[in-house]
Amino acid sequence: MADPKLHKPLPTLTDLTRPFWTAAKERRFVLQKCAKCGTFQFLPKPWCIECGCRDLPWTPARPTGTVYSCTVARTVGMNFPGWQADLPISVCLIDLDDGARMYAQVVGCPPESVHIGQRVTVTFEDISEEAGIPKFKPLSP
């Protein structure tokens, strides 16, 4: 039997967050978009962060953005040894072209090459039978 300490933690899928994770599994990038003011938002919430409206359909979002901030993780955080084999990784805040900002990993390049202002596009990784996770890769080398 596999060592349970080597498993990566999975997100908790709730009624609020399930559309995000299942869309990523289907290779679709969706965010909540306010039906009243048009604001795209991330993290999922039951109300719009701009106007308070509760009509927030999951809407296809542009899959591109710009690195706002980044760091390279070289050690296992939060006592999850399952991530050891992935290190080092680049963890970033991405300013999405539709206006939201989200945390994400940038992959497909050396972590040290990721930089503020870098243009990126979404890619997906399966993380369970019912969920995927959007990550980003550089738009150009």
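Data block above holds the structure.
Attention in this report is confined to the structure presented alongside it. Predicted model, so just to flag it, every value in this text is computed and none were measured. (Residues numbered from 1 in each chain as written. Predicted model: local features only at pLDDT ≥ 70, side-chain atom pairs only at ≥ 80, totals over all residues. Heavy atoms only, no water.)

### Looking at the nonpolar core
Okay, so step 1: Counting residues in each nonpolar core, the largest one holds 23 residues, and the members touching the most others are Phe29, Leu31, Val67, Ile94, Leu96, Val106 and Phe136.
Okay, so step 2: When contributions to this core are tallied by element, the ones reaching two or more residues are helix H1 (18-25), strand S5 (89-96), strand S6 (101-106) and strand S7 (119-126).
Okay, so step 3: If we ignore the near neighbours within four places in the chain, the residues touching Ile94 are Gly65, Thr66, Val67, Ala100, Arg101, Met102, Ala104, Val106, Val120 and Phe136. (Core = buried A, V, L, I, M, F, W, Y, C linked by side-chain atoms within 4.5 Å. Buried < 20%, exposed > 50% of the residue type's maximum accessible area, 1.4 Å probe, protein only. Helix = DSSP H or I, 4+ residues; strand = E, 2+ residues; numbered from the N terminus. Contact = heavy atoms within 4.5 Å.)

### Some words on the packing of aromatic side chains
Okay, so step 1: Going through the model one piece at a time under the given rule, you end up with four aromatic pairs.
Okay, so step 2: When the centroid spacing of 5.1 Å and the interplanar angle of 50° are considered together, the rings of Phe20 and Phe42 count as tilted. Note that Phe20 is positioned in helix H1 and Phe42 in the loop between strand S2 (40-41) and strand S3 (58-60), a separation of 22 residues in sequence.
Okay, so step 3: Pairing Phe29 with Phe136 gives two aromatic rings, centres 6.1 Å apart and planes at 90°, and the pair type is edge-to-face. With a gap of 107 residues between them, Phe29 in the loop between H1 and strand S1 (30-33) and Phe136 in strand S8 (residues 132-138) connect regions that are remote in the sequence.
Okay, so step 4: With relative accessibility at 7%, the residue Phe29 sits in the buried group. (Phe/Tyr/Trp six-rings, centres within 6.5 Å; stacked < 30°, edge-to-face > 60°.)

### Here we look at the environment of Cys70
Okay, so step 1: Tracing the backbone shows Cys70 in strand S4 (residues 64-73).
Okay, so step 2: Each residue touching Cys70, except ones within four places of it in the same chain, is listed here: Ser90, Val91, Cys92, Val114, His115 and Ile116.

### Describing unusual backbone geometry
Okay, so step 1: Here Phe42 and Leu43 are connected by a cis peptide whose omega angle stands at 10°.
Okay, so step 2: As for its position among the elements, Leu43 is in the loop between S2 and S3.
Okay, so step 3: Residues Leu87 and Pro88 are joined by a peptide bond in cis, for which omega reads -5°.
Okay, so step 4: Even without being glycine, Arg27 reaches a positive phi, approximately 65°.
Okay, so step 5: Its location among the elements puts Arg27 in the loop between H1 and S1.

### Observations regarding the pairing of S6
Okay, so step 1: Across six bridges, S5 lies against S6 in antiparallel orientation. Pairing of Ile94 across the sheet is with Met102, part of S6.
Okay, so step 2: Linkage of S5 to S6, two consecutive antiparallel strands, is achieved through a turn of four residues, within which Gly99 is found at a positive phi near 110°. (Pairing = 2+ DSSP bridges.)

### Let's talk about the layout of surface pockets
Okay, so step 1: Its volume calculated, the largest pocket comes out at about 1,000 Å³.
Okay, so step 2: If you trace the largest pocket, you find 32 residues lining it, with Pro9, Trp21, Trp83, Gln105 and Ile133 closest to the centre.
Okay, so step 3: Mapped by element, the contributors of at least two residues to the lining of the largest pocket are H1, S5, S6, S7 and S8.
Okay, so step 4: With four residues, the single largest contributor to the lining of the largest pocket is S6.
Okay, so step 5: Per-class residue counts for the lining of the largest pocket are 22 nonpolar, five polar and five charged. (1 Å grid on protein atoms, 1.4 Å probe; cavity = no way out; pocket = protein on both sides within 12 Å on 5 of 7 lines; lining within 4 Å. Points joined across faces, edges and corners; volume = space filled by probe spheres on them. Nonpolar A, V, L, I, M, F, W, Y, C, P; charged D, E, K, R; others polar.)

### Section: H1
Okay, so step 1: The set of residues buried in H1 consists of Phe20, Trp21, Ala23 and Ala24. Looking down the long axis of H1, one finds its buried residues gathered within 165° of arc, a one-sided arrangement.
Okay, so step 2: Residues of H1 that are buried in the fold lie against S1, S3, S6, S7 and S8.
Okay, so step 3: One or two positions beyond H1, positive phi appears at Arg27, with a value near 65°. (Arc of directions from axis to C-beta.)

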